[in-house]
Each structure stands twice: as structure tokens, then as C-alpha cells.
Amino acid sequence: MKKNSYFLILTLLLTVAACKKDNTSGNSDVKPVTINVNLSYEAENTELGMPLEKTQVKITNLTTTQTYTAAAGADGSVEFKDVAPGNYDVSAVQTISAADYNLKAGTNLTEAVVFNGILSRQSIVQNSKLSIVLKTGRVGDLVIKQIYYSGSHVTNGAVFRDQFVEIYNNSNATLYADSLYFGQTVNVSSALNKVDFSKGYYLSGGQYDWTKSIGMSDSKANTDYVYMSSLFMIPGNGKQYPVLPGTSIIIAANAMNHKIPYIGADGKAIPIKDPSLTVDLSKADFEVYLGNQSDISPLASDLDNPSVPNLTVIDRGGNRDLVIDVLGRDGLVIFKSAVDPRIWRKFASPDVTQIITTTKTYYQVPVNVLIDGVGLNHTTVNNRVPKYMNDVVDAGETFTTKGSYSSQSVVRKTSKTVNGRVILKDTNSSSNDFGVLNMADASKSASSFIN
């Protein structure tokens with residue numbers, strides 16, 4: 001009996017020893033590790049001073065699906081202690097409010113900007129230091145950079161035939177000008193101090209009250225739409241006309257070198273006495289050509305430059321060429337639309353009491369498709385007209401300081417330069433965002449920017 005007891009004890013001891021050996025081969029004795037994650041932005045956003053603090057970092061064990069999350073400190077670092085070795089996905093996300101981003105970047109965003117970074121299938125078998133670069137998608141959009149509407153001297157210059165508009169890629173990604181719509185808006189062109197409010201079709205600011213237009217049933221006709229006096233479209237197959245970040249395109253009324261004389265469509269010479277007063281638009285990116293329109297007698301100065309693509313004419317607005325009001329009583333917008341604007345409704349101005357075959361009507365364009373809009377006005381205070389744009393499109397307005405035929409243009413100010421890319425000011429108020437060039441500049445070079 002005693003002998004049997006010895007055998008029983010020995011058996012138990014061997015079993016315990018075997019169990020210890022088995023446990024050693026399992027995971028219970030595996031040492032936990034520490035994972036340090038260091039965050040940074042791409043160079044451009046680092047220069048803007050975007051904060052790293054509160055960036056949410058998550059690590060996910062790909063075997064167990066166990067996740068751990070932590071928020072970064074001001075230095076952009078996060079530490080995960082006592083985690084099991086294994087394969088991990090590591091992700092980070094930082095959300096900057098539109099207001100904070102606009103303050104640092106000088107943009108006019110309405111939605112928050114989200115930065116992301118991820119490291120996939122990281123094998124972590126010991127204490128590790130990982131680095132994640134936070135990136136975002138496209139930030140910013142096309143903006144109207146320069147408007148040369150004043151024209152040049154009527155005797156020595158090119159009058160208004162040298163007008164142009166410059167559109168700039170203010171984003172961090174390549175955009176495409178294909179199917180970009182461009183045009184002028186319509187509103188009251190009489191001086192505000194001459195508006196007869198007793199007529200009943202004006203708003204308190206002197207603008208048209210479009211709810212009074214014949215056939216109008218939309219109570220938000222004044223706030224949710226603009227009305228086009230002219231409308232054109234850049235052609236293309238969708239990716240035919242790339243506009244790189246920090247570059248621009250120029251739409252010319254006439255893509256000619258206005259510094260030299262040329263022969264007009266009527267066979268007569270169009271002279272220039274002082275070339276210094278005007279610009280060379282022969283290398284413009286696009287031009288508005290109306291000489292092939294069947295229902296008008298085009299201006300003699302409107303020649304077709306075969307090396308410059310023509311805009312598609314949607315509505316010439318009763319003009320014989322692209323003519324921006326030299327007094328500044330005008331507004332310009334750019335937009336893109338998934339539908340053809342020609343299916344949108346057209347309305348006569350609210351002062352029209354009867355529509356006949358010759359009545360001019362205007363396309364009603366929803367504000368929510370607009371990319372940018374700039375309101376112009378008269379240089380002289382007493383001659384200023386009611387504001388052309390509602391505040392959603394442009395809370396201010398801009399104008400040249402010397403008035404019509406001065407060779408001046410209005411130009412969007414530089415907000416800052418990041419990694420060599422100029423970011424233009426865009427606060428949705430042309431009063432704040434624009435300044436004046438004493439001589440319009442179609443070169444797209446540094447001389448065409450102002451601080």
C-alpha cells in the first residue's frame with residue numbers, strides 16, 4: 001500500500017511538470033510591448049500650422065481584432081503600452097473645422113477638412129516606433145483671380161476689346177476646366193440713388209425682387225439663384241484641359257495681341273497708338289467668339305484666333321461680343337453642373353409686365369452649383385448701383401480706382417505662399433479679397449499677383 005502511494009505521488013509530480021512545460025509554449029508568458037506613434041502633416045499643411053493635438057489614433061490587432069484608441073498630444077505623439085505582439089493596422093484621423101482651416105489657410109471652406117493616415121499590417125514583435133503622415137483630399141477650388149473689365153484708352157488704347165478674365169486653381173489638386181460654365185449676372189444697372197422703390201419690384205437694397213417676375217413661383221427666387229445675362233461653357237472631353245494647383249487659365253474677349261494693329265472682320269485696320277496701355281491676349285487659353293453666330297452682326301474687332309479654343313455659347317446675352325460693363329455694373333460667376341443649364345427655366349426681369357417674342361429672359365442658376373462669384377461696381381460712390389450679388393455668393397464687391405478705360409484690373413490678393421504655391425484670399429467678400437493692378441496683367445507671372 002505504501003509502495004503504491006509513492007507511485008501515485010510520482011505520477012502527480014510528472015503531470016504538473018508537463019503542464020508547466022505546455023504553458024511555457026503558449027501565450028501566457030509572452031511579454032507585452034509598447035507602440036509609439038508619431039504624427040506629422042505633409043509639408044504644405046505643416047507650413048500652415050495645422051494642429052496635431054487630439055488626432056485620434058487607433059491600432060487594431062489583426063488576429064484578435066482587439067482595438068485600442070488614444071488622442072495625440074500637442075507634439076503629435078501617442079503611446080500604447082502593454083499590448084500583445086502581433087500584426088496591427090494603425091490609423092489616424094484629424095478633423096479641422098472649416099473656420100479653423102480658413103483662418104490658417106485663407107480659404108473659404110464651408111465643410112470641415114479631414115486628414116487621414118494609415119499603416120497596414122505592421123508586424124510588432126518588440127517595442128516599436130511608427131510614423132504616420134496625415135494627408136487630405138482636395139482642399140479649395142477654382143476662383144476668379146483677375147477681372148480686366150475697365151478697358152484701355154478709347155483713342156490710344158484698345159477700348160474694351162482687350163477685356164479678359166483669369167480663373168485660378170486655388171486648390172491642392174489638379175482640376176479640369178472642361179465643362180466649366182462662365183457668365184455675367186443681371187441686376188439693376190441704375191444708380192442706387194435713382195431707384196424708384198414705389199415701383200414694387202425692388203428689394204430694400206435696390207436689387208430686383210425676382211419673386212415679382214412673370215411666372216415665378218419660388219419664394220426663394222432672390223436668395224437661392226442668380227440670373228444670367230450671358231452664359232458660356234469651356235469645351236472638352238472631361239480631362240482635356242487640366243489646371244494644375246497654383247496655375248490659371250485666361251478667357252479673352254478677343255484672343256489677339258492688342259499691342260499691335262490688326263485687320264478687323266470688315267477688312268479695315270484696327271489701330272493701336274500706345275501699346276503700353278493694353279495687353280497681348282494672343283496666347284489666352286480660351287476666347288469668346290461670336291462671329292459665327294447667325295442672329296447677330298458681330299463686332300469687327302471680334303476675330304477668331306484659330307490657335308485658341310472658343311467657348312461654347314449658351315446665351316450671348318444680346319451682345320455682339322463678350323463685353324463686361326466698363327463702368328463695373330456687372331457680376332461674374334463660374335460653376336459646374338451635372339445637368340445642361342439649357343433645361344433650367346428662364347425669366348424676364350421683374351420690371352417686365354408683358355412677355356412678347358423680343359422680351360429678354362435670363363437663365364435661373366441655382367446658387368448651390370456656383371464655384372465662385374464676384375460682384376463689381378462703379379468707382380464713384382454716387383454712381384454705384386445696387387449690389388449685383390446676394391451675400392451668399394459675394395458678401396462684398398470690388399472696383400477699379402481710376403474707373404473706365406484706365407487699363408486697371410481687379411485682382412484677388414495673395415493670402416500666403418506654401419511650398420511655392422500661392423494661395424489666394426477667399427473670404428467670400430470681394431471687398432476684402434481683391435485689390436487693383438494699375439496695369440492689367442495677362443502674363444500669369446509673379447507680376448500678376450498682389451499682396
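Preceding this section is the structure that the text describes.
Residues numbered from 1 in each chain as written. Predicted model: local features only at pLDDT ≥ 70, side-chain atom pairs only at ≥ 80, totals over all residues. Heavy atoms only, no water.

1. Re the overall build of the protein chain
So, point 1. The number of helices and strands found in the protein chain is four helices and 26 strands.
So, point 2. Each principal axis of the C-alpha atoms in the protein chain carries an extent, and together these give about 130 × 50 × 40 Å.
So, point 3. Sequence-distant contacts in the protein chain: of pairs separated by 6 or more residues, those separated by 24 or more amount to 70%.
So, point 4. With the model as given, the accessible surface of the protein chain reaches about 21,800 Å², and the carbon-plus-sulfur share is 51%.
So, point 5. Looking at the protein chain, you have 41 positive and 41 negative side-chain charges, and the mean spots of the two groups are 6 Å apart. (Helix = DSSP H or I, 4+ residues; strand = E, 2+ residues; numbered from the N terminus. Contact = heavy atoms within 4.5 Å. Areas by Shrake-Rupley, 256 points an atom, 1.4 Å probe, with all protein chains shown as cover. Lys, Arg positive; Asp, Glu negative; His and termini not counted. Charge placed at Lys NZ, Arg CZ, Asp CG, Glu CD.)

2. A word on the sheet that holds strand 3 (residues 67-71)
Sheets are built from strands paired through backbone hydrogen bonds, the pairs being either parallel or antiparallel.
So, point 1. Taken in spatial order, the four strands of this open sheet run 3-2-5-6, and their pairing is antiparallel. Looking at strand neighbours, the two that pair on one side only are strand 3 and strand 6 (113-124), the edges of this open sheet. For this sheet the average axis-to-axis angle between neighbouring strands, irrespective of direction, equals 15°.
So, point 2. In this sheet, strand 5 (residues 86-96) lies alongside strand 2 (residues 56-61) in antiparallel orientation, the contact comprising six bridges. Within the sheet, the bridge partner assigned to valine 57 lies in strand 5 and is alanine 92. (Pairing = 2+ DSSP bridges. Axes fitted to C-alpha atoms, helices over the stretch in contact; angles between N-to-C directions.)

3. What to know about the sheet that holds strand 9 (residues 164-169)
So, point 1. If you walk across this open sheet you meet the six strands as 17-14-9-8-23-26, and the pairing is mixed. Each having just a single partner strand, strand 17 (286-287) and strand 26 (434-437) make up the two edges of the open sheet.
So, point 2. Relative to strand 9, strand 8 (residues 142-148) runs antiparallel, the two sharing six bridges. Bridge pairing in strand 9 places glutamine 146 opposite glutamate 166.

4. Observations concerning unusual backbone geometry
So, point 1. With a phi angle near 65°, threonine 65 is a residue other than glycine that sits in the positive phi range.
So, point 2. Summarising the element assignment, threonine 65 is placed in the loop between strand 2 and strand 3.
So, point 3. A positive phi angle is found at serine 179, which is not glycine, with a value near 65°.
So, point 4. Within the secondary structure layout, serine 179 lies in the loop between strand 10 (175-176) and strand 11 (181-185).

5. Observations concerning the nonpolar core
So, point 1. Judged by nonpolar contacts, the single largest core of 32 residues is most densely connected at Val37, Val90 and Tyr101.
So, point 2. Counting residues per element, the ones that place at least two in this core are strand 1 (33-41), strand 2, strand 4 (77-83), strand 5, helix 3 (98-105), strand 6 and strand 7 (128-134).
So, point 3. Among the elements that take part in this core, strand 1 stands out by supplying five residues, more than any other.
So, point 4. In this structure, valine 37 is in contact with Val57, Gly76, Ser77, Val78, Phe80, Val90, Leu130 and Ile132, ignoring residues within four places of it in sequence.
So, point 5. Ile167, Ala177, Phe232 and Phe286 belong to the second largest nonpolar core, which has 31 residues in total. (Core = buried A, V, L, I, M, F, W, Y, C linked by side-chain atoms within 4.5 Å. Buried < 20%, exposed > 50% of the residue type's maximum accessible area, 1.4 Å probe, protein only.)

6. Concerning the environment of threonine 107
So, point 1. Following the sequence through the fold, threonine 107 ends up in the loop between helix 3 and strand 6.
So, point 2. The class for threonine 107 is buried, based on a relative accessible area of 10%.
So, point 3. Counting along the chain gives 65 residues from threonine 107 to glutamate 42, while the straight-line C-alpha distance between them is 18 Å.
So, point 4. Leave out the neighbours within four places in its chain, and threonine 107 touches Tyr101, Asn102 and Asp426.
So, point 5. A distance of 2.8 Å separates a polar atom in the side chain of threonine 107 from a polar atom in the side chain of asparagine 102. (Polar contact = N/O pair within 3.5 Å; in protein donor to acceptor, adjacent residues only side chain to side chain.)

7. Some words on the packing of aromatic side chains
So, point 1. Under the definition given, this model contains 13 aromatic pairs.
So, point 2. Look at tryptophan 210 and tyrosine 227: their rings are 3.9 Å apart centre to centre, the planes differ by 10°, and that puts the pair in the stacked class. With tryptophan 210 in the loop between strand 11 and strand 12 (225-233) and tyrosine 227 in strand 12, the pair connects residues that are 17 residues apart, well separated along the chain. Each member of the pair tryptophan 210 and tyrosine 227 is classed as buried.
So, point 3. Following the ring pairs from residue to residue traces out a cluster consisting of Phe197, Tyr201, Tyr202, Tyr208, Trp210, Tyr227 and Tyr362.
So, point 4. Over the ring of phenylalanine 449 we find lysine 145; its NZ or CZ atom is 3.6 Å from the centre of that ring. (Phe/Tyr/Trp six-rings, centres within 6.5 Å; stacked < 30°, edge-to-face > 60°. Lys NZ or Arg CZ within 6 Å of the ring centre and 35° of its normal.)

8. Some remarks on the environment of tyrosine 388
So, point 1. Summarising the element assignment, tyrosine 388 is placed in the loop between strand 22 (370-375) and strand 23 (409-412).
So, point 2. By relative accessible area, tyrosine 388 is classed as buried at 8%.
So, point 3. Sequence separation between tyrosine 388 and glycine 151 is 237 residues, and the spatial gap between their C-alpha atoms is 20 Å.

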